Amino acid sequence: MVAKDTKFKDALKVIENVQASGRKILFPDEAMDVIKSSGISTPAYTLVKTVHEASVETKSMGFPVVLKIVSPDVLHKSDVGGVVIGVENEKEVERNYAEIMNNLFKKVPDADIMGILVEKQMPKTTEVIVGGIRDEQFGPTVMFGLGGIFVELFKDVVFRIAPVTETEALEMIKEIKGYSVLNGYRGAERLDIQQLARTVVTISELISDIGEIKEVELNPLLVYTEGVTAIDARIIIK
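Nothing here was measured: the structure is a model prediction, and the numbers come from that model.

**Focus on the overall build of the protein**
Okay, step 1: Along the backbone of the protein there are eight helices and 10 strands.
Okay, step 2: Relative to a compact globule of 238 residues, whose C-alpha radius of gyration would be 18 Å, the protein shows 18 Å and is just as compact.
Okay, step 3: Along the first, second and third principal axes, the C-alpha set of the protein runs to 50 × 45 × 30 Å.
Okay, step 4: The proportion of buried residues among the 238 residues of the protein is 47%.
Okay, step 5: For the protein, the share of sequence-separated contacts (at least 6 apart) that also reach a separation of at least 24 residues comes to 62%.
Okay, step 6: Total accessible area on the protein stands at roughly 12,100 Å², and carbon and sulfur atoms take up 51% of it.
Okay, step 7: Taken as two groups, the 28 positive and 36 negative side-chain charges of the protein have centres that lie 1 Å from each other.

**Regarding the domain arrangement of the protein**
Okay, step 1: We note that the domain assignment places domain 1 (45-120) and domain 2 (126-237) within the protein.
Okay, step 2: When each unit is reduced to the centre of its C-alpha atoms, the spacing between domain 1 and domain 2 is 28 Å.

**Some remarks on the nonpolar core**
Okay, step 1: Counting 51 residues, the largest nonpolar core has Ile35, Phe144, Leu182, Leu196, Ile203, Leu206 and Ile235 as the members making the most contacts within it.
Okay, step 2: The element contributing the most residues to this core is helix α8 (residues 193-209), with eight residues.
Okay, step 3: A domain split of this core shows at least three residues from each of domain 1 (45-120) and domain 2 (126-237).
Okay, step 4: When near neighbours in sequence (up to four residues on either side) are disregarded, Phe144 contacts Val128, Ile129, Val130, Asp156, Val157, Val158, Met172, Ile173, Ile176, Leu182, Leu196 and Val200.
Okay, step 5: In terms of nonpolar packing, the next biggest core, distinct from the first, is built from 18 residues, Val65, Leu67, Val93 and Ile100 among them.

**Describing the layout of surface pockets**
Okay, step 1: Size it by volume and the largest pocket reaches roughly 1,500 Å³.
Okay, step 2: As for the largest pocket, its lining consists of 42 residues, of which Lys68, Lys77, Asn219, Pro220 and Asp232 are closest to the centre.
Okay, step 3: Only β2 (65-70), β3 (83-87), β4 (115-120), β5 (126-135), α5 (149-154), β8 (213-223) and β10 (233-237) provide two or more residues apiece to the lining of the largest pocket.
Okay, step 4: Residue classes in the lining of the largest pocket are distributed as 23 nonpolar, seven polar and 12 charged.
Okay, step 5: The residue makeup of the lining of the largest pocket includes at least three contributed by each of domain 1 (45-120) and domain 2 (126-237).

**A look at helix α6 (residues 166-175)**
Okay, step 1: Those residues of α6 not exposed but buried are Ala169, Leu170, Met172 and Ile173. Around the axis of α6, the buried residues are gathered within 155 degrees of arc, so they sit on the same side.
Okay, step 2: Residues of α6 that are buried in the fold lie against β6 (139-146), β7 (157-161), α7 (179-182) and α8.

Rules used throughout
Residues numbered from 1 in each chain as written. Predicted model: local features only at pLDDT ≥ 70, side-chain atom pairs only at ≥ 80, totals over all residues. Heavy atoms only, no water. Helix = DSSP H or I, 4+ residues; strand = E, 2+ residues; numbered from the N terminus. Rg over C-alpha atoms; globule rule 2.2 N^0.38 Å. Buried < 20%, exposed > 50% of the residue type's maximum accessible area, 1.4 Å probe, protein only. Contact = heavy atoms within 4.5 Å. Areas by Shrake-Rupley, 256 points an atom, 1.4 Å probe, with all protein chains shown as cover. Lys, Arg positive; Asp, Glu negative; His and termini not counted. Charge placed at Lys NZ, Arg CZ, Asp CG, Glu CD. Domains from an automatic or database assignment. Core = buried A, V, L, I, M, F, W, Y, C linked by side-chain atoms within 4.5 Å. 1 Å grid on protein atoms, 1.4 Å probe; cavity = no way out; pocket = protein on both sides within 12 Å on 5 of 7 lines; lining within 4 Å. Points joined across faces, edges and corners; volume = space filled by probe spheres on them. Nonpolar A, V, L, I, M, F, W, Y, C, P; charged D, E, K, R; others polar. Arc of directions from axis to C-beta.

Following this line, the structure appears as structure tokens:
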């Protein structure tokens, strides 16, 4: 593992706690803790255990929000009705919280439910994916591409051995076929490619420095004209 005095020391604490529990996949809030502590922007988020907690947290967070089930037995939350977006008020929080729980009881009755992740919903923009994997042959590798459905549809992604410099990250971004989408296609505003490159660098350093991380993925990472925001993260450890 990485030394305790690096910039990833807080991320390392999260991973050590997960290891101590015997799990290999971080819960969504834990993964977001790792990403946030690494210096990557995230929305406001919190894990709640009751509908009352959800109401209190969303009131201070502000609407709209997203609700996501957190369970080690549910890998694809949308498939079991475990995600609701665009929740606009406290009454909708209460109704959707109950609906998510009912969906789980019906479709995955034996699921171990840790709670519901409440997350501030961010404005729509271009989505990209940034990831890292510890390849058996090449070692730590970083990946970049257009996010959302474009990853599966076009497979427009590029890879580099990690870690990468900011210059190398910019080269990766410019290599994808969809680069024009980020660079102001047909009069659209140019997105914050510089901050995007810095995020690619951070993920490349994270997968390189913390040897216990097997995979890390930000999908989607939202790219704005100023700044980027990770709204979903997945991390698997050895």
